[in-house]
Amino acid sequence: MKAIRRFTVRPVLPEPLQPLSDLARNLRWSWHAETRDLFQSVDPERWAVSGGDPVRLLGSVRPARLTELAEDRPFLRRLSAVADDLHDYVTGDRWYQTQTAELPAAVAYFSPEFGITAALPQYSGGLGILAGDHLKAASDLGVPLIGVGLLYRHGYFRQSLSRDGWQQEHYPVLDPNELPVAQLKEADGTPAQVSLALPGGRQLHARIWLAQVGRVPLLMLDSDVEENDLGERGVTDRLYGGGSEHRLLQEMLLGIGGVRAVRTYCRLTGHPEPEVFHTNEGHAGFLGLERIAELHAEGLDFDSALEAVRAGTVFTTHTPVPAGIDRFDRELVARHFGPEAELPRIDVERILHLGMETYPGGEPNLFNMAVMGLRLAQRANGVSLLHGRVSREMFSGLWPGFDPDEVPITSVTNGVHAPTWVAPEVFRLGARQIGAQRTEDAMTVGGSDRWDAVADIPDQDIWELRRNLREQLVTEVRERLRASWRQRGAGTAELGWIDGVLDPDVLTIGFARRVPSYKRLTLMLRDRDRLMDLLLHPEHPIQIVVAGKAHPADDGGKRLVQELVRFADDPRVRHRVVFLPDYGMAMAQKLYPGCDIWLNNPLRPLEACGTSGMKAALNGCLNLSVLDGWWDEWFQPDFGWSIPTADGAGTDADRRDDIEAAALYDLLEQRVTPRFYERGQHGLPDRWIEMVRQTLTLLGPKVLAGRMVREYVERLYAPAAHAHRTMDPDSARELAEWKSRLRSSWHGVTVDHVETTAATATAELGTTLGVRVRVGLGDLGPDDVEVQAVSGRVDEEDHITDASTVPLKPAGGPDADGRWAYEGPLSLDRTGPYGYTVRILPAHRLLASGAELGLVVVPSGDVVEGAGVLMR
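Keep in mind that what you see is a predicted model, and the values were worked out from it rather than measured. Here the residue index of a chain counts from 1 through its sequence in written order. In keeping with the model being predicted, local features are shown solely for residues with a pLDDT of at least 70 and side-chain atom pairs are shown and tallied solely at 80 or more, while totals for entire chains, interfaces and linings include all residues. As a rule here, side-chain values come from all non-hydrogen atoms in the structure, and water together with hydrogens is ignored.

1. Let's talk about the overall build of the protein
Strands are runs of DSSP state E lasting at least two residues, helices are runs of H or I lasting at least four, and both sets are numbered from the N terminus onward. When you go through the protein residue by residue, the secondary structure sums to 29 helices and 27 strands. Using C-alpha atoms as the atom set, the radius of gyration is obtained and then compared with a globule rule of 2.2 Å times the number of residues to the power 0.38. Over its C-alpha trace the protein gives a radius of gyration of 29 Å, about what one expects of a compact globule, namely 29 Å for 872 residues. A principal-axis box enclosing the C-alpha atoms of the protein has dimensions of 95 × 70 × 50 Å. For the protein, the residues scored as buried account for 56% of the 872 residues in total. Buried, partly exposed and exposed residues are distinguished by accessible area as a fraction of the type maximum, computed with a 1.4 Å probe on protein chains only: under 20%, between the cut-offs, and over 50%, respectively.

Shown next as structure tokens:
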């Protein structure tokens, strides 16, 4: 019979065991081995059944066992030590507290998904895992972050396979009372809530759940509350589910409701108000509108409020393709704002303008969340060096007249949270070498360029570690494969072959990620005969473990999964290639350490960063990848192999896949497998072990989330906090009025004449030329602009590359015609074809970049004719 109502019965812990409750509610246990070991010792069998979730464990352990533990002195001593350690961790000074720079009092970090632990399934893939690692690293460093997201009652989805290999989705209901979260409550004990106004006089209410991630609070909004109608209750039902209006409401709740939740949390707890707001992808972009509305209510006009909000906002883009950005119909957005809905005091047209694609090639009737994110943030970044370049190209229409290199989007390369992803065996090997505390510091705070202590670990120890991890993976794969085949309808008698799946002494390749087409799950199947030869080679065989989910609405992705599954079902190779359904954090934590090679073969440059290979590298796994994302930045032959790409414009998609698949097979046949299997004089694969050692020594410190968060603090959060403090109401009004005056007068700005002291078309290295320019400024003055000489090498079409800029100084004016003279030196510091030009940019002390307004004036064609500009 089915229950008509469900509720959670919480255990009553004996007084000596009360600290267990606090330990279970702080998600630091998800990356702190001693805390997990303590919970496991409560009841090892129930710990395994609970999936390593302390909340579920404590809800199922027998009262008699709790009574026994309450009198177990050694256990109570361990409990006291772990509880004291957590207290020290959350209250003591860490890296952030030791910095001398003026840093933000708090930072609010918004993301549509957070992957903290499998026990809190609120993520779909890389974006969420990255956000979770960002919070954990911030906690380790002591950064005063407040995380903001949504609590999805069905999470993303659980994946299984039909008998014929088709992906099937399941949406288990998550009861927040059974999750490691607590309701945020008002002083009188009632649940804290936020609400949004909807068209037609309706309201969207949401309560606030709090997940404590070490030192960092994560606020999660949940619309499944009794005050809402059925439709509104379902707003936070699924991650990335539903149609356009459903997604719009989710993103309004995340952005607007999220700011209100942060204000509520700070009011109730005394936490400092954030000085910086960080938008992780465009989904939370509406947070800027809510902050404008707050300032509007305090008396600032829209334009001034916009400047104040931009000063303290950081926007991170994660997608290298326009199709990956949420875009909404203009009318849909308009209906949800204005007098009859949310933010009634703000003109709807001003809101719409922030997201409209008002640039060449844009869709004028679509509201683009990333475009709004960029317009509402003074600082923006991509997530690898290559992705920064791709983003500058992709969004260059917002800064017309500027070369992509000057578009104000920088990059901070992603990192991964080592304590979450490094196998305990790897950590213990490091601790044996330099001690547990130094190992933990190296993996969390980072700051070192090298882990030199790895050099002292004997080859034998490294190889035994790698084989041990591979053996654990084989055991894990067999268990998961057996469970998957039972779900597919197989009987026990059919599954004897699973005991022979994979071999702990065979080169093991891992491939696991989401399954959009550009990640090319099935590239390895391009030439099945060659792949079979590799799998079944008598001396140098390989084995492959594959996992990944296609989006529920992506039938193309599901077909790729089915194609891979059907190949893996072939009795000839099923002991060598495996597809594991329901890829998630728990599986990943076993998969990365157990593989020898991590394979990544996206269409370059469509992988923004691709952090799975970083997690593998931290466990001594070598990367075999296309030069995309982070691998393009940090690849060295010591760390693995790069798959050559055929990404020229003239290569069609099929031909490209053929070429790159052939290159992959060649690498495996000729370079990867021979190195794994060749043995040195002591019977060990010396050259392979040396690559593992170099990966850990040189790549390990780079890929840390601690390094990433320190970069965010130093390069983005600190400047944003400074700008926020500088942008008081008077300064915001000043900047807004100046921008308005500048835009209305910019048509009068001209470059009228350019001349240099160069007499010929050649000059010697080290020569300094004089540049003199006459400009018209119209209604503007010299204080409103900067006149620059831009110089550098030129290509065959006379485009300046690797440009350097020199400000020119006023030398007189205005003359009788109202023209101003500017002049300055031009140093010829490079040989070869060389050229220069001049330009005029807006200039104001409160601008973060000269490109900020997207306004620039360069010489017209007839001016260039007489400038005598080019030297070869």
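From this point, things continue past the structure.
2. Re the pairing of strand E4 (residues 167–170)
Within a regular beta strand, the side chains point alternately toward one face of the sheet and then the other, so they alternate between its two faces. Direction of pairing for strand E3 (residues 158–161) relative to E4: antiparallel, over a ladder of 4 bridges. Bridged to arginine 158 within E4 is histidine 170. Once E3 ends, the chain turns through 5 residues before running back antiparallel as E4, passing glycine 165 with a positive phi of about 90 degrees. At least two DSSP bridges between two strands are required for those strands to pair.

3. With respect to empty space enclosed by the protein
Empty pockets left among the atoms are what a rolling probe the size of a water molecule brings to light. Grid spacing is 1 Å over the protein atoms alone, the probe is 1.4 Å, and a cavity is where that probe fits but cannot get out, while a pocket is an open set with protein on both sides within 12 Å along at least five of seven lines and lining residues have an atom within 4 Å of a point. Grid points are joined across faces, edges and corners, and a volume is the space filled by probe spheres set on the points. Applying the stated criterion across every chain yields a total of 8 cavities of 30 Å³ or more. Approximately 90 Å³ is the volume found for the largest cavity. Looking at the largest cavity, it is lined by 13 residues, and the ones nearest its centre are Leu481, Trp485, Arg488, Asp569 and Phe579. Under the scheme applied here, ten amino acids are nonpolar (Ala, Val, Leu, Ile, Met, Phe, Trp, Tyr, Cys and Pro), four are charged (Asp, Glu, Lys and Arg), and all others, including Gly, are polar. Of the residues in the lining of the largest cavity, the class split is 9 nonpolar, 1 polar and 3 charged.

4. Considerations on the sheet that holds strand E20 (residues 640–643)
Hydrogen bonds along the backbone pair up the strands of a sheet, which may run parallel or antiparallel. Read from one edge of the open sheet, 6 strands run E17-E16-E15-E18-E19-E20, paired in parallel fashion. In this open sheet, the two edge strands, each paired with only one partner strand, are strand E17 (577–580) and E20. When the angles between neighbouring strand axes are averaged without regard to direction, this sheet yields 20 degrees. As paired elements, strand E16 (residues 542–547) and E17 share 4 bridges and run parallel to each other. Angles run from 0 to 180 degrees between N-to-C directions of axes, and those axes are lines fitted to C-alpha atoms, restricted for helices to the stretch in contact.

5. With respect to helix H5 (residues 63–70)
Those residues of H5 not exposed but buried are Arg65, Leu66, Leu69 and Ala70. One face of H5 carries all of its buried residues, which in axial projection span an arc of 140 degrees. We call two residues in contact when some of their heavy atoms are within 4.5 Å. Buried positions along H5 lie against helix H2 (33–42) and helix H6 (73–91). The directions considered for the arc run from the helix axis to the C-beta atoms.

6. Some thoughts on the pattern of salt bridges
Whenever Lys or Arg places a side-chain nitrogen within 4 Å of a carboxyl oxygen from Asp or Glu, that contact is recorded as a salt bridge. In this structure the tally under the stated criterion is 63 salt bridges. A salt bridge links arginine 526 to aspartate 657, with the nearest nitrogen and oxygen atoms 3.9 Å apart. Placement of arginine 526 in the loop between strand E15 (507–512) and helix H20 (528–535) and of aspartate 657 in helix H25 (residues 653–677) is noted, with a sequence separation of 131 residues between them. The exposure class of arginine 526 is partly exposed, given its relative accessible area of 36%. Arginine 819 is paired through a salt bridge with aspartate 752; the nearest N and O atoms lie 2.4 Å apart. Taken together, the residues arginine 819 in strand E26 (residues 819–827) and aspartate 752 in strand E21 (residues 750–756) connect sequence positions 67 residues apart. Taken together, the shared-partner salt bridges in this structure form one network comprising Arg520, Arg526, Asp654, Arg656, Asp657, Asp658 and Glu660.

7. So, the sheet that holds strand E24 (residues 800–807)
With antiparallel pairing, the 3 strands of this open sheet are ordered in space as E24-E23-E27. Edge positions in the sheet fall to E24 and strand E27 (834–842), since each of these pairs with one other strand and no more. The average angle at which neighbouring strand axes cross in this sheet is 30 degrees, direction not considered. Relative to E24, strand E23 (residues 785–794) runs antiparallel, the two being bridged by 6 bridges. Paired with glutamine 788 across the bridge in E24 is proline 807.

8. Concerning the packing of helix H9 (residues 244–269) against helix H10 (residues 287–297)
The geometry of H9 relative to H10 is characterised by a closest axis approach of 6 Å and an angle of 55 degrees between their N-to-C directions. Considering their axes alone, H9 and H10 lie oblique with respect to each other. Relative to H10, the crossing made by H9 is right-handed. Contacts from Gly255, Ile256, Val259, Arg260 and Arg263 in H9 reach Leu287, Glu290, Arg291 and Glu294 in H10. For the contact of H9 with H10, the residue count by class is 3 nonpolar, 1 polar and 5 charged. The scheme is simple: roughly parallel for angles under 35 degrees, roughly antiparallel for over 145, roughly perpendicular for 65 to 115, oblique for anything else. Crossings are assigned a handedness: left-handed for a near helix turned anticlockwise from the far helix by less than a right angle, right-handed for a clockwise turn.

9. Quick notes on the confidence of the model for the protein
pLDDT expresses how confident the predictor is about each individual residue, on a scale running from 0 to 100. Overall, the prediction assigns the protein a mean pLDDT of 93, with 97% of residues at 70 or greater. Note that residues 868–872 has pLDDT below 50 and, in this model, 23 contacts with residues that lie over four places away or in other chains.

10. A word on the packing of helix H7 (residues 126–141) against helix H27 (residues 705–726)
Interhelical geometry of H7 versus H27 gives an angle of 80 degrees and a closest axis separation of 8 Å. Between H7 and H27, the angle falls in the class roughly perpendicular. Mapping the contact onto sequence places Leu130, Asp133, His134, Ala137, Ala138 and Leu141 in H7 and Ala705, Gly706, Met708, Val709, Arg710, Tyr712 and Tyr717 in H27.

11. As for the packing of aromatic side chains
The rule is short: rings of Phe, Tyr and Trp, with Trp giving its six-membered ring, pair when the centres are within 6.5 Å, and they are stacked under 30 degrees, edge-to-face over 60, tilted in between. Taken as a whole and assessed by the stated rule, the structure comprises 20 aromatic pairs. Pairing phenylalanine 286 with phenylalanine 367 gives two aromatic rings, centres 6.0 Å apart and planes at 15 degrees, and the pair type is stacked. Taken as a pair, phenylalanine 286 in the loop between strand E9 (276–280) and H10 and phenylalanine 367 in strand E12 (residues 366–368) lie far apart in primary sequence, 81 residues in all. Each member of the pair, phenylalanine 286 as well as phenylalanine 367, is classed as buried. Taken together, a centroid distance of 5.7 Å and an interplanar angle of 75 degrees make the contact between tryptophan 421 and tyrosine 592 edge-to-face.

12. Some words on the environment of threonine 117
Looking at the element boundaries, threonine 117 is found in the loop between strand E1 (107–110) and H7. By relative accessible area, which is 8% here, threonine 117 ends up buried. For threonine 117, the residues in contact, after removing those within four places along its chain, are Leu27, Trp29, Ser30, Tyr123 and Met585.

13. Focus: the nonpolar core
Only buried residues count toward a nonpolar core. Its members are Ala, Val, Leu, Ile, Met, Phe, Trp, Tyr and Cys residues joined through side-chain atoms within 4.5 Å. Of all hydrophobic cores here, the largest spans 105 residues; its most connected members are Ile544, Ile597, Leu624, Trp641 and Trp688. Ranked by size, the runner-up nonpolar core spans 61 residues in total, among them Tyr156, Ala284, Phe328 and Met369.

14. Observations concerning the side chain of asparagine 280
Relative to the elements of secondary structure, asparagine 280 occurs in strand E9. With a relative accessible area of 1%, asparagine 280 lands in the buried category. Two N or O atoms count as a polar contact when they lie within 3.5 Å, although within protein this holds only if one can serve as hydrogen donor and the other as acceptor, and sequence-adjacent residues are included solely when both atoms are side-chain atoms. Polar side-chain contacts of asparagine 280 include one of 3.2 Å to the side chain of serine 111. If sequence neighbours within four positions are ignored, asparagine 280 has contacts with Tyr109, Phe110, Ser111, Pro112, Leu127, Leu130, Ala131, Thr316 and His318.

15. Things to note about the pairing of E17
Side-chain alternation along E17 places Val577 and Phe579 on one buried face and Val578 and Leu580 on a second face that is also buried. With the strands pointing away from the viewer, any crossover whose connection runs clockwise from the first strand over the helix to the second is right-handed. Regarding topology, helix H21 (residues 555–568) serves as the crossover connection from E16 to the parallel E17, and that connection is right-handed.

16. A closer look at unusual backbone geometry
The amide bond that connects arginine 604 to the next residue, proline 605, takes the cis arrangement and shows omega of 5 degrees. Tracing the sequence through the fold places proline 605 in the loop between strand E18 (597–600) and helix H23 (612–617). Of note in this structure, glutamate 281 is not a glycine but carries a positive phi near 75 degrees. In this structure, glutamate 281 sits in the loop between E9 and H10. A relative accessible area of 7% means that glutamate 281 is categorised as buried.

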